[in-house]
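# Survey of secondary and tertiary structure
Now for the letters of each chain:
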Amino acid sequence: MSDAAILERSQALPQNIPQMDFDPYDVEVLKNPYPYHEMMREAGSVVWIRKYGCWAVTRYEEVRTVLNDYQTYVSSAGVGYANFRTEEPFRPPSLVLEADPPAHTRARKPLAAAISNKALAQHQEEFTKQAKVYVDRALEMGEIDGSRDLAVAYPLKVFPDAVGLAPDGRETLLDYGNIVFNAIGPHKDNAVFADATKNAAAVTEWIMAHCAREALSPGGFGMSIYEFADRGELTEDEAGMLVRSLLSAGVDTTVSGIGNALYLFSKNPDQWAKLHEDPSLTRHAFEEAIRLESPVQAFFRTASKDTELSGVKINAWDKVMCYYASANRDPRRWENPDKFDITRNAQGHLAFGTGVHRCVGRVVAWVEADALLGELARRVKAIEPTGEPVLRAQNAIRVFDSIPMRLIPA
Ligand code: OVM
């Protein structure tokens, strides 16, 4: 939509529909989003974002409703602000993320198989061993950057290893993730997106080369996707595209989840004391951490037809921004929603989404978090902040570039 068309549409909306004037992709908003989430939640069940001419849902119930109705709210027109109906997609669409059933169902199967419990069990020992290596190193250092030394270093070692990638050039995975997730936001006049995509051509070339069969070692998640091609259930190109999905979705998300958990613990020493006392709470604590500081803050859906959502008329091909992070702090659903409480039941949080697209890789995230945070829980008595954490301005993911801390050994 042109700016003029957006203005006209905004002016024609019924008076009772809340219209938001702030820019959800302003750097100040990205760095301090929660007051804006609250403002939208309290303004109404569905709000209109004037700057972009799209809808936003921020309450738990509406976010669930949209995500669970994949026929009305499709993913195939893109899960970012860009509308694939009217704009060339930024990259060839993902066969899973940017697809609807039945194509989505078919593409998801090999991914789910590649990272099944049985497949993961074969890597479990290595995930555990590497957690010891990284925690040993961190304890030796004493003062660390929780982001650089743990939240980035550990996933960037164990995940590509499990996929079957060679050790060289792995920082490119971070560059690619940053491109893909920033592309969820607007592309026009957006400095964050422009900055992330400066080297997009070289980064994309590296990624696609590493999705090829030749780049993958036997026994990894990547090669098990190619086994579907061997059986004729996928073409060679489709297999490569699904490996691309692993590399797109599998790094930044876990880097963020683990880092956000460390951030929360550094700010809530009483909660770390609880976890240290009972490390069996690790999984529970991780779920609570990603409820409160959700790695993916928002994805979009696109209305496939004229419809109505909580009394608001949505037009065919309107974009709907679904705020997982806000649903996860909706006081209509959660008691004391802004409090980090590792003993609360965080089940039902929407950090992994819900419905047919619910994160297929969440088991990998859990194994990583269990291994690393579990090892820390046993061996670290206290986490003390030694400086102010630095948040990255990112269009989809909440992630810290730096979390200075001191680890006190048990
Ligand atoms: C994909 C993909 C990319 C980014 C995120 C994601 C959270 C999936 O390429 O399939 O899921």
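The structure under discussion appears in the preceding block.
This report concerns the structure included in the present document. One numbering rule holds for all chains: residues counted from 1, following each sequence as written. Thresholds applied to this predicted model are a pLDDT of at least 70 for local features of residues and 80 or more for the giving and counting of side-chain atom pairs; totals over whole chains, interfaces and linings are not thresholded and use all residues. Excluding hydrogens and water, the side-chain values take into account all heavy atoms of the structure.

## Here we look at the overall build of the chain
Heads up, the rule is: By the criteria applied, helices consist of DSSP H or I runs no shorter than four residues and strands consist of E runs no shorter than two, each listed in order from the N terminus. The globule rule is 2.2 Å times the number of residues to the power 0.38, and the radius of gyration it is compared with is taken over C-alpha atoms. Buried means the residue's accessible area, taken with a 1.4 Å probe over protein chains only, is under 20% of the maximum for its type, while exposed means over 50%, and partly exposed covers the values in between. Residues are treated as being in contact if the distance between any of their heavy atoms lies within 4.5 Å. Method for areas: the Shrake-Rupley scheme with a 1.4 Å probe, in which residue coverage is limited to the protein chains shown. Lys and Arg are tallied as positive, Asp and Glu as negative. Neither His nor the chain termini are counted. A charged residue contributes its charge at one atom only: NZ of Lys, CZ of Arg, CG of Asp or CD of Glu.
Scanning the chain from N- to C-terminus turns up 17 helices and 13 strands. Since a compact globule built from 410 residues should have a radius of gyration of about 22 Å, the 21 Å found for the chain is in line with a globular shape. Expressed along its principal axes, the backbone C-alpha trace of the chain runs to roughly 60 × 50 × 35 Å. For the chain, the proportion of its 410 residues judged to be buried stands at 58%. Considering only intrachain contacts with a sequence separation of at least 6, the fraction spanning at least 24 residues in the chain is 73%. Of the accessible surface of the chain, which amounts to about 17,200 Å², a share of 50% is contributed by carbon and sulfur atoms. Looking at charge distribution, the chain has the averaged site of its 45 positive side-chain charges lying 3 Å from that of its 56 negative ones.

## Digging into the packing of helix α10 (residues 200-210) against helix α12 (residues 236-249)
Short version of the rule: Note on method: axes are straight lines fitted to C-alpha atoms, helices fitted across the in-contact stretch only, with angles between N-to-C directions ranging 0 to 180 degrees. Note on terminology: angles under 35 degrees are roughly parallel, angles over 145 are roughly antiparallel, angles of 65 to 115 are roughly perpendicular, and the others are oblique. Crossing handedness is defined as follows: a turn of the near helix away from the far one that is anticlockwise and smaller than a right angle gives a left-handed crossing, while the clockwise case is right-handed. Polar here means any residue outside two lists: the nonpolar Ala, Val, Leu, Ile, Met, Phe, Trp, Tyr, Cys and Pro, and the charged Asp, Glu, Lys and Arg; Gly therefore counts as polar.
Running from amino to carboxyl end, α10 crosses α12 at an angle of 120°, the nearest separation of the two axes being 9 Å. When the axes of α10 and α12 are compared, the pair comes out oblique. Along this stretch, α10 crosses α12, giving a crossing that reads as right-handed. Contact residues: I207, M208 and H210 in α10; M241, V243, R244 and L247 in α12. When its residues are assigned to classes, the contact of α10 with α12 shows five nonpolar, one polar and one charged.

## Comments concerning the packing of aromatic side chains
The relation between two aromatic rings is expressed through the spacing of the ring centres and the mutual angle of the planes. Put simply, the rule is: Pairing of aromatic side chains requires ring centres within 6.5 Å, counting the rings of Phe and Tyr and the six-membered ring of Trp. Pairs whose planes differ by under 30 degrees are stacked, by over 60 edge-to-face, and all others tilted. Placement of a positive charge over a ring is assigned whenever Lys NZ or Arg CZ falls within 6 Å of the ring centre and within 35 degrees of the normal to the ring plane.
Tallied over the entire structure, the rule returns 15 aromatic pairs. Measuring from ring centre to ring centre gives 4.9 Å for F265 and W272, while their planes differ by 85°; the resulting arrangement is edge-to-face. With relative accessibility at 1%, the residue W272 sits in the buried group. The cationic tip of R291 hangs over the ring face of W334; the distance from NZ or CZ to the ring centre is 5.3 Å.

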